[in-house]
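Examining the three-dimensional arrangement
One letter stands for each residue in the lines below.
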Amino acid sequence: QVQLVESGGGLVQAGASLRLSCVASGRAFSLHEIGWFRQAPGKERDFVAAINWSGGNTYYADSVKGRFIISRDNAKTTVYLQMNSLKAEDTAVYYCAAKPSLGSIISTMTTHYNYWGQGTQVTVSS
């Protein structure tokens, strides 16, 4: 029911900024929430941030609070992840994902998200 296409990754130096985009489509996409996850080589896929379409509620991992901002543009059916003050530790493949919305409850669990984009590489050099 939901298709996701993310873009915006690249190679940047520490301290730089990037904005990732996730374009959503499909039936009932507005009843889902969109999460950003990342996976570094040899590590598990970790939660970064999430937002729901209906109310715009947001949630961030502690490691990115104050640096990353998740937002949405309903008209463009796009969710953005603005990443500022990037660190080498932020290097990973970033994925957007969708799950059915449960009101104000936002999940950080990868297994709760059943639609995934193909990922975009973010590399931060120090």
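Below, the structure is looked at part by part. Only a predicted model underlies this, so the values are computations on that prediction, with no experimental measurement involved.

**Some points on the pairing of strand β9 (residues 92-100)**
For β9, the buried fraction is high: 8 of the 9 residues fall into the buried class. By the bridge criterion, 8 bridges tie strand β4 (residues 32-39) to β9 in an arrangement that is antiparallel. Its bridge partner lying in β9, H32 is registered against P100. Both β9 and strand β11 (residues 120-125) contribute to a ladder of 3 bridges, which runs antiparallel. Within the sheet, the bridge partner assigned to Y94 lies in β11 and is T120. By the bridge criterion, 2 bridges tie β9 to strand β10 (residues 115-116) in an arrangement that is antiparallel. Across the sheet, the residue bridging to A98 is Y115, located in β10.

**Notes on the sheet that holds strand β3 (residues 18-25)**
One open sheet accounts for 4 strands, arranged β1-β3-β8-β7; its pairing is antiparallel. Both outer strands of the open sheet, β1 (3-7) and β7 (68-73), are each paired with one neighbouring strand and no more. Each adjacent strand pair in this sheet contributes to an overall mean axis angle of 15°, direction not counted. As defined by bridge partners, β1 adjoins β3 across 5 bridges and the pair is classed as antiparallel. Pairing of S7 across the sheet is with S21, part of β3.

**Considerations on the side chain of T120**
Mapped onto the elements of the fold, T120 is located in strand β11. Take T120: its relative accessible area is 11%, and that puts it in the buried class. In this structure the side chain of T120 is engaged in a polar contact, spanning 3.0 Å, whose partner is the backbone nitrogen of G9. Not counting residues within four places of it along the chain, the set of residues in contact with T120 comprises E6, S7, G8, G9, L20, A92, V93 and Y94.

**Quick look at the environment of N52**
Along the polypeptide, N52 turns up in strand β5 (residues 46-52). The sequence separation of N52 and I34 amounts to 18 residues, and the corresponding C-alpha distance is 6.1 Å.

**So, the state of the cysteines**
One pass over the full model with this rule turns up 1 disulfide. Paired by a disulfide, C22 and C96 hold their sulfur atoms 2.3 Å apart. Linking C22 and C96, the disulfide has an S-S dihedral of approximately 70° and is accordingly described as right-handed. You can see C22 sitting in strand β3 and its partner C96 sitting in strand β9, a full 74 residues away along the chain.

**A few points about the environment of T110**
With respect to the helices and strands, the residue T110 is situated in the loop between β9 and β10. Separated by 10 residues in the primary sequence, T110 and P100 place their C-alpha atoms 13 Å from one another. Excluding anything up to four places from it in sequence, T110 contacts F37, R45 and W116.

What counts and how
- Residues numbered from 1 in each chain as written.
- Predicted model: local features only at pLDDT ≥ 70, side-chain atom pairs only at ≥ 80, totals over all residues.
- Heavy atoms only, no water.
- Buried < 20%, exposed > 50% of the residue type's maximum accessible area, 1.4 Å probe, protein only.
- Helix = DSSP H or I, 4+ residues; strand = E, 2+ residues; numbered from the N terminus.
- Pairing = 2+ DSSP bridges.
- Axes fitted to C-alpha atoms, helices over the stretch in contact; angles between N-to-C directions.
- Polar contact = N/O pair within 3.5 Å; in protein donor to acceptor, adjacent residues only side chain to side chain.
- Contact = heavy atoms within 4.5 Å.
- Disulfide = S-S within 2.5 Å.

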